[in-house]
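# Structural overview for review
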Amino acid sequence: MTQAIRRIAICTGGGDAPGLNAVIRATVSAAANRGWETVGIRDGFNGILQPERYPRGGVTLLTRDRVRGISHLGGTIIGTTNKGNPFHFPVAQPDGSVRDTDRSDDILDYFKREGIDALVSVGGDGSLTIANELHRKGLRVVGVPKTIDNDLDKTFTTFGFDTAVSFATECLDRLHSTAESHQRVMVVEVMGRYAGWIALHAGISGGAHAILIPEIPYNLDKVVAKIGERDAEGRMYTLVVVAEGAQPHHGERALLAPAEIGHAERLGGIGERVAQDLARRTGKDARVVVLGHLLRGGSPTSFDRLAALRFGTAAVRALEEGLSGVMVSLAFPNVVYVNLEEVAGRMKAVPADCDTLQTGRDLGVCFGD
Ligand code: F6P
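What this report covers is the structure whose coordinates are included nearby. These numbers were taken from a predicted model, which means no experiment stands behind them. (Residues numbered from 1 in each chain as written. Predicted model: local features only at pLDDT ≥ 70, side-chain atom pairs only at ≥ 80, totals over all residues. Heavy atoms only, no water.)

## Section: the overall build of the chain
For clarity, the cut-off: A run of H or I in DSSP counts as a helix once it spans at least four residues, and a run of E counts as a strand once it spans at least two, with each numbered from the N terminus. To get the radius of gyration, use the C-alpha atoms; to get the globule rule, take the number of residues to the power 0.38 and multiply by 2.2 Å. Each residue gets one of three labels from its accessible area relative to the maximum for its type: buried under 20%, exposed over 50%, partly exposed in between, using a 1.4 Å probe on protein chains only. Note on contacts: a residue pair is in contact if any heavy atoms of the two residues lie within 4.5 Å. Only the protein chains shown count as cover for residues, and the accessible areas themselves come from Shrake-Rupley with a 1.4 Å probe.
For the chain, the helix and strand inventory stands at eleven helices and 15 strands. Taken over C-alpha atoms, the radius of gyration comes to 22 Å for the chain, in line with the 21 Å a tight globule of 369 residues would show. Principal-axis analysis of the C-alpha atoms gives the chain an extent of 70 × 55 × 35 Å. The buried share of the chain, reckoned over its 369 residues, is 53%. Long-range contacts, defined here as pairs at least 24 residues apart, represent 71% of the contacts in the chain between residues at least 6 apart. As displayed, the chain offers around 15800 Å² of accessible surface, 49% of which is attributable to carbon and sulfur atoms.

Take a look at the structure:
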């Protein structure tokens, strides 16, 4: 028989995404309804692993009052980090070097010492892989899928994605008129890591003429030809959406920084590269707009907010049902549970037979292939 729950912890890891606060509020409310207490760990697991950094406490009690009225707010009230993997924690050595250290036992010890019975871990692939490993070590864990990139497997979507796509679409809507007025090529770089979901969905919704995604290595000749075709038809401007992880056929991805201990490489810069090449090859004026972290900010759309509220309450129901090692997931229209094992370390890329891609092709969008 599983041990009764009295106290749970919640943590948010990886890049922030609109909807995190809604998950926190939902989890705290659903837990309180069952007489459970919820604590929030600051900045992923750093609140436990680096208590010296938190003079007011690295783990904080989340009461109903504390989470009232936060569902519509961007960010996360407990903070997040993408530099705090407890299995690969960077520990400074006396000689000034940094050692990759497994500090996962410190997490388990803390939970035991503080009488915390279970963890709700809200995050993307990295955080859910950590959640799965903690579950394997005996911690009761339920994961909640978050990422603006929508690159998590086994869920119809992640919260944060719809907000990012809606904002990027609005930006494209605005760029049409200025691009047309100046007869320019406008290149819009969006986040998404190694998946092209944001670029694809926003690009098609926002009427982009070319969309370059990591799943389809591009040949710039095709985009140059598309611009030429449009010019010949008297449509003297072109909008190109480029995913940060897109790469040319025989070329490299654009990187801002290499990977370091517990932190993945930083992508970025492909938009500038594409804009410069297109300007040189077409003789047209080209400008680049990097949407970057703007995609992660602001209030969640109602879709993301509702998904986040559903996910947070479902996580508590999963714990109540005695489950562990599962992720709440949207199997439209229902929320279901899937094993973290099936999610951890698996990226959901845009499949070649994806109908949204087909939609773009039928609309005449150039994908650089
Ligand atoms: O995973 C979400 C994401 O927004 C990616 O699209 C992007 O590459 C990354 O985070 C950037 O994260 P940060 O600037 O916080 O390191």
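There's plenty left to go through after this.
## Concerning the site of the ligand
To keep things clear, this is the line we draw: Being near a molecule or strand, for a residue, means having at least one of its heavy atoms within 4 Å of it. Whenever a nitrogen or oxygen atom comes within 3.5 Å of another N or O atom, the pair is scored as a polar contact, on the condition that within protein one atom can donate a hydrogen and the other can accept it, and that pairs from neighbouring residues in sequence are kept only if both atoms are in side chains. Lining residues are those with an atom within 4 Å of a point, where the points come from a 1 Å grid over the protein atoms alone and group into cavities, where a 1.4 Å probe fits but cannot get out, or pockets, open sets with protein on both sides within 12 Å along at least five of seven lines. More than half of a molecule's atoms lying within 2 Å of a cavity's or pocket's grid points is what places that molecule inside it.
The ligand sits among Asn 82, Ile 148, Asp 149, Met 191, Gly 192, Arg 193, Glu 244, His 263, His 293 and Arg 296. Take Gly 192: an N or O atom from its main chain is 3.0 Å from an oxygen atom of the ligand. For the ligand, an oxygen atom lies 2.9 Å from a polar atom in the side chain of Arg 296. More than half of the atoms of the ligand fall within 2 Å of the grid points belonging to the largest pocket.

## Let's talk about the environment of Glu 260
Relative to the helices and strands, Glu 260 resides in the loop between strand E11 (255-257) and strand E12 (266-267). For Glu 260, a relative accessible area of 47% puts it in the partly exposed group. The sequence separation of Glu 260 and Asp 100 amounts to 160 residues, and the corresponding C-alpha distance is 9.8 Å.

## A look at the layout of surface pockets
Threshold: Grid points are joined across faces, edges and corners, and a volume is the space filled by probe spheres set on the points. Just so you know the grouping, Ala, Val, Leu, Ile, Met, Phe, Trp, Tyr, Cys and Pro go in nonpolar, Asp, Glu, Lys and Arg go in charged, and all remaining residues, Gly too, go in polar. Residue ranges labeled as domains rest on an automatic or database domain assignment.
One number sums up the size of the largest pocket: a volume of about 1200 Å³. The biggest single contributor to the lining of the largest pocket is helix H5 (residues 125-136), with six residues. In terms of residue class, the lining of the largest pocket is made up of 13 nonpolar, 21 polar and 13 charged. Taken domain by domain, the makeup of the lining of the largest pocket includes at least three residues from each of domain 1 (7-159 + 300-342) and domain 2 (162-297).

## Digging into the pairing of strand E10 (residues 238-243)
Inclusion rule: DSSP bridges decide pairing: two strands pair if at least two such bridges lie between them. Orienting the strands away from the viewer, one traces the path from the first strand over the helix to the second; a clockwise path indicates a right-handed crossover.
For E10, the buried fraction is high: six of the six residues fall into the buried class. Every second residue of E10 is oriented toward a common face, with Thr 238, Val 240 and Val 242 on one face and Leu 239, Val 241 and Ala 243 on the other, all of them buried. Looking at chain direction, strand E8 (residues 185-190) and E10 are connected through six bridges and run parallel. For Met 186, the partnering residue across the bridge sits in E10 and is Leu 239. When strand E9 (residues 210-212) meets E10, the two strands line up parallel, connected through three bridges. In the sheet register, Ala 210 faces E10, and the bridge partner there is Val 240. Taken together, E9, helix H8 (residues 220-232) and E10 constitute a β-α-β crossover, and its handedness is right-handed.

## Digging into the pattern of salt bridges
It is possible for side chains bearing opposite charge to pair when their charged atoms get close. What counts, and what does not: Salt bridge criterion: a side-chain nitrogen from Lys or Arg within 4 Å of a carboxyl oxygen from Asp or Glu.
The full count for this structure, using the stated rule, is 15 salt bridges. The closest approach of N and O atoms between Arg 7 and Glu 37, which form a salt bridge, is 2.7 Å. One end of the pair, Arg 7, is in strand E1 (residues 7-12); the other, Glu 37, is in strand E2 (residues 37-41), with 30 residues separating them in the sequence. Glu 37 sits in the partly exposed class, given a relative accessible area of 35%. Taking the shortest distance from any N to any O, the salt bridge between Lys 284 and Asp 231 comes out at 3.0 Å. Of the two residues, Lys 284 is situated in the loop between helix H9 (270-282) and strand E13 (286-290) and Asp 231 in helix H8; the sequence distance between them amounts to 53 residues. When salt bridges that share partners are traced, they join Arg 184, Asp 285 and Arg 287 into one network.

## Notes on the nonpolar core
Formally: Definition of nonpolar core: a set of buried residues of the types Ala, Val, Leu, Ile, Met, Phe, Trp, Tyr and Cys, connected through side-chain atoms within 4.5 Å.
Ile 24, Val 144 and Phe 159 are the most contacted members of the largest nonpolar core, which totals 69 residues. When residues are assigned to domains, this core turns out to be shared by domain 1 (7-159 + 300-342) and domain 2 (162-297), each giving three or more. In this structure, Ile 24 is in contact with Ile 10, Thr 12, Leu 62, Val 67, Ile 70, Thr 76, Ile 77 and Ile 78, ignoring residues within four places of it in sequence. Grouped together as the second largest cluster of nonpolar side chains are 26 residues, Phe 87, Phe 89, Tyr 110 and Ala 131 included.

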